[in-house]
Every structure is written in C-alpha cells, then in structure tokens.
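Observations on the model geometry
Below are the chains, spelled out letter by letter.
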Amino acid sequence: MMLASLVGMLLLQMGAATMERAIHDYNVYHPYTEIDSWMTGILIDNPDIVSIERYGQTYEKRDINLLRIGERTGAMKKVVWMDCGIHAREWISPAFCQYFIKQILQEYRVHGSRMAVMMKEMDFYVTPVLNVDGYIYSWLNRTRLWRKNRSPGTGSCSCYGTDLNRNFNVTWGTIGVSTNCCSETYGGTAALSSPEAASVTRYLEQRKADVLLFLTIHSYGQLILVPYGNPNLTAPNYGQLVNMTTTDCNYDYDRQMKVGLAAAAEMKKVHGMSYRVGTSPDILYPNSGSSRDWARLAGIPYSFTFELRDNGTFGFELPEDQIQPACEEAYSGAMHIINHVHREQFNAAVSVATASLLGALLATCVTVANNAF
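Below: a short report on this structure. (Residues numbered from 1 in each chain as written. Predicted model: local features only at pLDDT ≥ 70, side-chain atom pairs only at ≥ 80, totals over all residues. Heavy atoms only, no water.)

Another aspect to go through is the overall build of the chain. Helix and strand content of the chain: 12 helices and 8 strands. Across the 373 residues that make up the chain, the buried fraction comes to 53%. Sequence-distant contacts in the chain: of pairs separated by 6 or more residues, those separated by 24 or more amount to 75%. On the chain, roughly 16,100 Å² of surface is accessible, and the fraction owed to carbon and sulfur atoms is 56%. (Helix = DSSP H or I, 4+ residues; strand = E, 2+ residues; numbered from the N terminus. Buried < 20%, exposed > 50% of the residue type's maximum accessible area, 1.4 Å probe, protein only. Contact = heavy atoms within 4.5 Å. Areas by Shrake-Rupley, 256 points an atom, 1.4 Å probe, with all protein chains shown as cover.)

Put into structure tokens, the structure is as follows:
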C-alpha cells in the first residue's frame, strides 16, 4: 500500500509538472530564467528527440545552450541551425524561437507528417537566446533597449558591450561598424573577441559540412536578408575582380534570392504583411562581421537573416498582442526555406549536382574575396 501510495504521489507530481509546463505562454515575453526553465521542460517532455547542448559561455560566464531536436538514428545527420536573441533588445526574436520549437514538436507527433520525415534525416539546432548577458540586462530598469553583450570596454573607454553581429570573422571591421566602444555597432577589439561569437564559430566549424541552413532571427524591419552585408562581397564585384562574367557568382546570389522571395510570399499569405528581400546594402545598410555572412563563406549552402515585425511603429518594443501573428508569419517563411533545403538535399540526383556546383562556385568566390582585402 505504501509503495502504491508513493507511486501515485510521484505520478501526480509528474502530471502537475507537465501541466505547469504546458501552460507556458507563447504570447508574452519571458525573462531568461523562464526561458531556461522552459528549455528544461521541453527536454523532459520530449526525451526521445530533444537534448540540450552547452556550446559556450558568455562574458559573464553564463552557459550558452541550444536545443537539439531530431530522431536519434545513430548516423551523422544534416543540420538546420537557428539562433535568436543575438541582439538583446529584440525580444520578439527569442519569442519566435520558443514558438518555432513548439510548432515543430507538435508537427512531429502527427503520424505521417513531413516533419516526422525531416527529423529522421535532419536535426534542428536552436539557440533561443544567444546573447544571454545582454538579454538579462535588457530586462532591468531603464535598459530595455540594450543591444550588445556585456563585456567591458578597453583602455580609456568605460562603456560596455560588443555588437555580436559585427564580431564574426568575415571582413571584420571594414564597413558599418564602429571602433568606439560606446557605439551600438562597436565591433570589438578583434574578430571573435566576444566569447559568444567565438562559441558559435567554434561549434559550427566542427559541423559545417553537415549544416544545410543558417537562420539568424532579428528585429525589426520586416526583411529577409541574404549574403552579403559588405558590398565588396556582392557577386558583380567578384566578376570585376577576376575579370570574368558575373554569371557564375551571381548564381549563388540568385538562388538565395529565389528562396528568400518565395519565403516572403508565404509569409504575406498569413497576415498580409510584406517582407522585403535582398542584401543588407541594398535594402538596409552595409555592414561587416555578421554571422550570416560568416556562415555562407564558411560553406553553409543557405544563410538568411530574418528581421521580424514591425516597420518602426513600435520598433524593438513590439507589443505582446503582435507576438503570435509575428511568429505565425515568420514560421511560414522559415518552414518554406527548411522544406526547400530538405528537398534539395534528399533528392539524390539534385543534391549531388547542386553540392558539386555550389562547392566549386564558393571556392572561386571565397578566393576572390580573400584577395580583395
């Protein structure tokens, strides 16, 4: 009787814990402690396909964790990467990563779903908050619009923070970046001087041959950005530099644009919101040292930045009543891209030809780019 009673109590406690996790509200912004607890809950509720990996630490020694989601087949699998919260004030970004994970897990449990097929062949690596220190700081009084990480300035500069999306090792420090550590676009003392950018780079360098897609989620502006942020890395400039036609290197730009435009069209179907697609110099501003550009030049076939709602009415302080529609449309766009790369990879005839062509083109373009700086 005592054993039966104990088992009953344990089952009740487990059920209560599951119910508590089940009421996680995806329509409000959550402080990092709640996001961290939610990640643990996702793992507990889905132990067959979810694991948590710590792949680095922030400047303030907090763990940087991702959720790895996919069936454990025992074989090397292809990877879809997504990170959110690289800029602290962009709260809709971590909210989207939470929504994205909820959705793909729900779809996986539907018998015969396409997501179930995907998770046999690919893993999703999702970092809900990359800039943990900055995100926590943005929840304090009067720091809501904090952007950078929390590393201190050097020398005579007493300001804090490096812009993590100017700190990656791709044409670092050349354009759209500041050397003033008080600036919001301060690129750090050197490429990868921030532990956060260095952690992403180190982790993906070991796996880049298997990564099919790199998605980094930002706000605001309703944009889908394709490589590259530095105008010296656009396809026409490659052609000019090596005295060849731009057709070959333009192929990479065109294929990224084609997929991005189709994703934007899918997003508009959801709530009528228009998302512009292009390179950062064309539709936003030039920059260097971005994670998107680093990922593409590292050899990851597709690399996109999503800039979520809105167009400036609320900016970084998007009201909570817009979280759900923003996430719904972004999910539609992200899934269009994910479906595309999955079909391309696992249609054998297409994938072999595509991989060979893209490898040759990227090698040519990277060589030219390296010679240009």
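Picking up after the structure, the text goes on.
This next bit is on the nonpolar core. Counting 63 residues, the largest nonpolar core has Ile69, Phe96, Phe100, Phe124, Phe304 and Phe306 as the members making the most contacts within it. With residues up to four places along the chain from it excluded, the contact list for Ile69 reads Ile49, Val50, Ile101, Ile104, Leu105, Met119, Met122, Asp123 and Phe124. Among the nonpolar cores identified, the runner-up in size contains 23 residues, and Leu164, Phe168, Val200 and Leu233 belong to it. (Core = buried A, V, L, I, M, F, W, Y, C linked by side-chain atoms within 4.5 Å.)

What follows concerns the packing of aromatic side chains. The geometry of an aromatic ring pair is captured by the separation of the ring centres together with the interplanar angle, meaning the angle of the planes. A full pass over the atoms with the stated rule returns 18 aromatic pairs. With centroids separated by 5.7 Å and ring planes inclined at 55 degrees, the aromatic side chains of Phe100 and Tyr331 adopt a geometry described as tilted. Taken together, the residues span a long stretch of sequence, with Phe100 in helix 3 (residues 92–108) and Tyr331 in helix 11 (residues 323–346) at a distance of 231 residues. Like Phe100, the residue Tyr331 is buried in the burial classification. Among the aromatic residues, ring-to-ring pairing joins Tyr55, Trp81, Tyr125, Tyr203 and Phe214 into one connected group. For Arg144, the ring lying beneath its charged end belongs to Trp91, and the centroid distance is 3.7 Å. Here the guanidinium or amino end of Arg150 rests over the ring plane of Trp146, the centre of that ring lying 4.8 Å away. (Phe/Tyr/Trp six-rings, centres within 6.5 Å; stacked < 30°, edge-to-face > 60°. Lys NZ or Arg CZ within 6 Å of the ring centre and 35° of its normal.)

In this section: the environment of Phe306. When you line up the elements, Phe306 lands in strand 8 (residues 302–308). Sequence separation of Phe306 and Ser219 is 87 residues, and the distance between their C-alpha atoms is 7.4 Å. Apart from the residues within four sequence positions on either side, Phe306 is in contact with Leu215, Thr216, Ile217, His218, Leu223, Ile224, Met267, Ala330, Gly333, Ala334 and Ile337.

Mapped onto the secondary structure, Gly221 falls in the loop between strand 5 (211–219) and strand 6 (223–226). Gly221 gets classed as buried once you look at its relative accessible area, which sits at 13%. Considering only alpha carbons, one finds Gly221 and Leu284, 63 residues apart in sequence, at a separation of 8.7 Å. Leaving out residues up to four positions away in the same chain, Gly221 has contacts with Glu307, Leu308, Asp310 and Asn311.

With an omega of 5 degrees, the peptide bond running from Ser219 to Tyr220 counts as cis. For Tyr220, the location among the structural elements is in the loop between strand 5 and strand 6.

Bringing the packing of helix 2 (residues 32–45) against helix 3 into the picture now. Remark: helix 2 packs on helix 3, axes separated minimally by 12 Å, with the N-to-C direction vectors making an angle of 10 degrees. Between helix 2 and helix 3, the interaxial angle falls into the category roughly parallel. Residues Ile35, Trp38 and Ile42 of helix 2 touch helix 3, and the partners they reach there are Pro94, Cys97, Gln98, Ile101 and Leu105. (Axes fitted to C-alpha atoms, helices over the stretch in contact; angles between N-to-C directions. Parallel < 35°, antiparallel > 145°, perpendicular 65-115°, else oblique.)

With respect to topology, 8 strands assemble into an open sheet ordered 1-2-4-3-5-8-6-7, the strand pairing being mixed. Each end of this open sheet is capped by a strand with a single partner; those strands are strand 1 (50–57) and strand 7 (276–279). Shown here is a sheet whose adjacent strand axes are inclined to one another by a mean of 20 degrees, direction ignored. Pairing analysis gives 4 bridges linking strand 6 to strand 7, with the strands arranged parallel. For Val226, the partnering residue across the bridge sits in strand 7 and is Thr279. This element, helix 3, spans strand 1, strand 2 (63–69), strand 3 (78–84), strand 4 (122–127), strand 5 and strand 8 of the sheet and lies at about 145 degrees to strand 3. Against the sheet, helix 4 (residues 114–121) contacts strand 2, strand 3 and strand 4, and its axis sits at roughly 90 degrees relative to strand 4. (Pairing = 2+ DSSP bridges.)

On to empty space enclosed by the protein. Which parts of space are left empty comes out when a probe the size of a water molecule is rolled across the atoms. Applying the stated criterion across every chain yields a total of 2 cavities of 30 Å³ or more. In this structure, the second largest cavity encloses a volume near 50 Å³. Looking at the second largest cavity, the residues that line it are His24, Asp25, Tyr26, Val28, Tyr29, His30, Ile35, Trp91, Pro94, Ala95, Gln98 and Tyr135. No other element matches helix 3, which puts 3 residues into the lining of the second largest cavity. Here the residues of the lining of the second largest cavity are counted per class, giving 8 nonpolar, 3 polar and 1 charged. (1 Å grid on protein atoms, 1.4 Å probe; cavity = no way out; pocket = protein on both sides within 12 Å on 5 of 7 lines; lining within 4 Å. Points joined across faces, edges and corners; volume = space filled by probe spheres on them. Nonpolar A, V, L, I, M, F, W, Y, C, P; charged D, E, K, R; others polar.)

Taken as a whole and judged by the stated rule, the model has 18 salt bridges. Residue Asp163 pairs with Arg147 through a salt bridge whose shortest N-O separation is 2.7 Å. With a gap of 16 residues between them, Asp163 in the loop between helix 5 (132–138) and helix 6 (195–205) and Arg147 in the loop between helix 5 and helix 6 connect regions that are remote in the sequence. Under the relative-accessibility criterion, Asp163 is labelled buried at 0%. You can call Arg147 buried: its relative accessible area is 7%. With its nearest N and O atoms 2.9 Å apart, the salt bridge here joins Asp252 to Arg255. Of this pair, Asp252 and Arg255 both sit in helix 8 (residues 247–271), 3 residues apart, which is roughly one turn of the helix. By relative accessible area, which is 11% here, Asp252 ends up buried. According to the relative accessible area criterion, Arg255 is buried, its value standing at 7%. Put simply, Glu53, Arg68, Lys77 and Asp123 are held in one network by salt bridges that share partners. (Salt bridge = Lys/Arg side-chain N within 4 Å of Asp/Glu carboxyl O.)

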